[in-house]
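# Structure at a glance
Residues per chain are reported as follows:
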Amino acid sequence: QVQLVESGGGLVQAGGSLRLSCAGSGSIFGITAMGWYRQAPGKQRELVAAFTRIGSTNYGDSVKGRFTISRDNAKNTVYLQMNSLKPEDTAIYLCNLHRYSPFVGDYWGQGTQVTVSS
């Protein structure tokens, strides 16, 4: 089993910054990719930022230029630096790990709440 634990969420004023961390443990092996998603009440879950299986990055349109994803593969940890936060960034942020090989698997953390006040 894979365990993903997010940290770093909280309450911040508009224009501020937060850095989220996601520490993975357990059965992390094979071809995997990690990333961040978010979900606000009444809205669909959306991509924030994610690595691909080859190490490139994808960002959601609404966060491009403001958020940066990074990772430490040796520690099975992924980070999300969030700058210039806006009230519309308010959501629960979820860490994801997808395994492509040797078998398919999809794992999620419990999420960490980010609230941006106006």
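Residues numbered from 1 in each chain as written. Predicted model: local features only at pLDDT ≥ 70, side-chain atom pairs only at ≥ 80, totals over all residues. Heavy atoms only, no water.

## Remarks on the packing of aromatic side chains
Quick note on the threshold: Note on aromatic contacts: the rings of Phe and Tyr and the six-membered ring of Trp form a pair at centre separations within 6.5 Å, being stacked when their planes are under 30 degrees apart, edge-to-face when over 60 apart, and tilted otherwise. Put simply, DSSP marks the helices as runs of H or I at least four residues long and the strands as runs of E at least two long, and each gets a number from the N terminus on. Relative accessibility decides the category of a residue: with a 1.4 Å probe and only protein chains considered, values under 20% of the type maximum give buried, values over 50% give exposed, and everything between is partly exposed. Note on geometry: a ring has a charge over it if NZ (lysine) or CZ (arginine) is within 6 Å of the ring centre and within 35 degrees of the ring normal.
Scanning all chains against the criterion turns up 2 aromatic pairs. Considering the side-chain rings of phenylalanine 29 and phenylalanine 103, the 5.7 Å spacing of their centres and the 75° angle between planes classify their relative orientation as edge-to-face. In this pair, phenylalanine 29 is assigned in the loop between strand S3 (18-26) and strand S4 (31-39) and phenylalanine 103 in the loop between strand S9 (91-101) and strand S10 (105-108), connecting sequence segments 74 residues apart. A centroid spacing of 5.3 Å and a plane angle of 70° characterise the contact between tyrosine 37 and tryptophan 108, whose relative ring orientation is edge-to-face. Residue tyrosine 37 is located in strand S4, and its partner tryptophan 108 is located in strand S10; the two are separated by 71 residues in the primary sequence. Among the residues examined, tyrosine 37 registers a relative accessible area of 22% and is labelled partly exposed. We note arginine 19 situated over the ring of tyrosine 79; from NZ or CZ to the ring centre the distance is 4.1 Å.

## Things to note about the sheet that holds strand S7 (residues 67-72)
Stated formally: Note: two strands are recorded as paired if DSSP finds a minimum of 2 bridges between them. Fitting a line to C-alpha atoms yields each axis, with helices limited to the stretch in contact; the angle taken between N-to-C directions then spans 0 to 180 degrees.
With antiparallel pairing, the 4 strands of this open sheet are ordered in space as S1-S3-S8-S7. The two strands at the open ends of the sheet, each matched to only one other strand, are strand S1 (2-7) and S7. Neighbour-to-neighbour, the strand axes of the sheet open up by a mean angle of 15°, direction not taken into account. Sheet topology note: the S7/strand S8 (residues 77-82) ladder contains 6 bridges and is antiparallel. Paired with phenylalanine 67 across the two strands is methionine 82, which belongs to S8.

Worth remembering: the numbers are spatial, not functional.
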